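Residues per chain are reported as follows:
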Amino acid sequence: MRTVYLDHAATTYVRDEVLEAMLPYFGESYGNPSSIHHVGRSNKAVMDDCRERVAGLLKVKPSEIIFTAGGSEADNLAIKGHAWAMKDKGNHIITSAIEHHAVLHSVRWLETQGFTATYLPVDHYGLVSPDDLEAAITDKTILVTIMASNNECGTVEDISDLSAVCDKHGVTFHTDAVQSVGYYDLGLDKDPIDMLSSSAHKFYGPKGVGVLFARTGTRLEPLIHGGAQERNLRAGTENIAGMIGLTKALEIAYEEMPVAVPRIRGLRDRLIEGVLSGIPDTGLNGHPTQRLPHNANLYFSRIEGEGILLKLDLAGICASSGSACTSGSLDPSHVLAAMGVDTMLIHGSIRFSLGHRTTNDDIDYVLEQLPPIVDRLREMSAV
Ligand SMILES: *Cc1c(COP(=O)(O)O)cnc(C)c1O
């Protein structure tokens, strides 16, 4: 049976070139970068080189790059690390209602530790309003954390405007850009973004490695104490293979962006149009144009998304309902709920996220398999 993998927002495969670049660091190049001898020292040079290449692509300084064990850790370090470092200045944090749980649960935990939080609403497209943000800032606000793009509905936030509001009020701005990296330039050379999280396995790198960008002067307390790695911000012997993999994946992503992104967007648009015009009572969740190029979040009225997913899986098609992190729970998506999507439609929503290996044939196959599945499920639910 053929497999059509349309869940790249949950994770991607590792590109061949990336795996190849990593392999020596599981083998002959095993040195600890902190060692004095040449076996270790050569890996120190490799690590410094990764930091420089990543900084170059993101248009920031190498000293502003902190390697972490993924997107969740980068979010935790940015949020808890900054809140802790700033607690003499204030205790108020602002975020949005549609953040990834790595952000939401970090903020909620801080609320049990003497901090207070505001969860900004979003409009029907999932957009946070810069005016709402400005109105929520008080003299106790120490951190604003709003995602660059949403992992479920695909909406791309106005990070440039949101960060400008924070800059005007002298408040630190962090953004979870895990879904955005590889799809468009992040504007770190232009916008007053103080911290940004990313994760390699969302851009065809390995799992378990990410980067937190923290602009010079941004105060952080480490979450993991021990050795002096990552400028005392993240103890532990470095994951050299992971750093190499992340760096290589990021380089390829930036190289291929001008060609790969329009191609994926074209396929994605064909999928959306095919569903909307071919299957009655369907619609698109999220912003119609200001959205990630690989994301199509669609609702199918009168059926359960889980039912569609199981039938699609039998046909070899992998998609998801909500986010990978909340599947298995029957709670409706907090993202679509905050956008005001009807509860029945939330239950009938499915996210298709395309990737670099997705072909025209794959989209044809989905558009051929989907209508009879939806018909059958609707007949069953009508009984
Ligand atoms: C995947 C994801 C994360 C978590 O990244 P991990 O590397 O899996 O920990 C955080 N935020 C968003 C928006 C994501 O899509």
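Attention here is on the structure that accompanies the text. (Residues numbered from 1 in each chain as written. Predicted model: local features only at pLDDT ≥ 70, side-chain atom pairs only at ≥ 80, totals over all residues. Heavy atoms only, no water.)

1. Thoughts on a nonpolar patch on the surface
Line of reasoning, step 1. On the surface, a cluster of nonpolar side chains totalling about 320 Å² of accessible area is made up of L19, L23 and F26.
Line of reasoning, step 2. Within the element layout of this structure, L19 appears in helix α1 (residues 16-22).
Line of reasoning, step 3. Judged by relative accessible area, which is 42%, L19 ranks as partly exposed. (Patch = residues over 30% accessible without salt bridge, like charges linked within 9 Å, V, L, I, M, F, W, Y side chains within 5 Å. Areas by Shrake-Rupley, 256 points an atom, 1.4 Å probe, with all protein chains shown as cover. Salt bridge = Lys/Arg side-chain N within 4 Å of Asp/Glu carboxyl O. Helix = DSSP H or I, 4+ residues; strand = E, 2+ residues; numbered from the N terminus. Buried < 20%, exposed > 50% of the residue type's maximum accessible area, 1.4 Å probe, protein only.)

2. Some points on the site of the ligand
Line of reasoning, step 1. Taken together, the neighbourhood of the ligand is formed by 13 residues, with S72, D176, Q179, S199 and K202 sitting nearest.
Line of reasoning, step 2. At 2.8 Å from an oxygen atom of the ligand is found a main-chain nitrogen or oxygen belonging to G71.
Line of reasoning, step 3. K202 places a side-chain nitrogen or oxygen 2.7 Å from an oxygen atom of the ligand.
Line of reasoning, step 4. With the chains in place, 87% of the 380 Å² that the ligand exposes on its own is no longer accessible.
Line of reasoning, step 5. In terms of residues, the shell around the ligand owes the most to one element, helix α3 (residues 71-85), which gives three residues.
Line of reasoning, step 6. Classifying every residue of the shell around the ligand by side-chain character gives two nonpolar, eight polar and three charged. (Near = heavy atom within 4 Å. Polar contact = N/O pair within 3.5 Å; in protein donor to acceptor, adjacent residues only side chain to side chain. Nonpolar A, V, L, I, M, F, W, Y, C, P; charged D, E, K, R; others polar.)

3. So, the environment of E230
Line of reasoning, step 1. Relative to the elements of secondary structure, E230 occurs in helix α7 (residues 229-232).
Line of reasoning, step 2. Judged by relative accessible area, E230 falls into the buried class, the value being 7%.
Line of reasoning, step 3. When the C-alpha atoms of E230 and S63 are compared, they prove to be 9.0 Å apart, with 167 residues separating the residues in sequence.
Line of reasoning, step 4. Residue contacts for E230: discarding those within four places in its chain leaves R51, I65, I66, F67, E238 and M243.
Line of reasoning, step 5. Side chain to side chain, E230 and R51 meet in a polar contact 2.8 Å long. (Contact = heavy atoms within 4.5 Å.)

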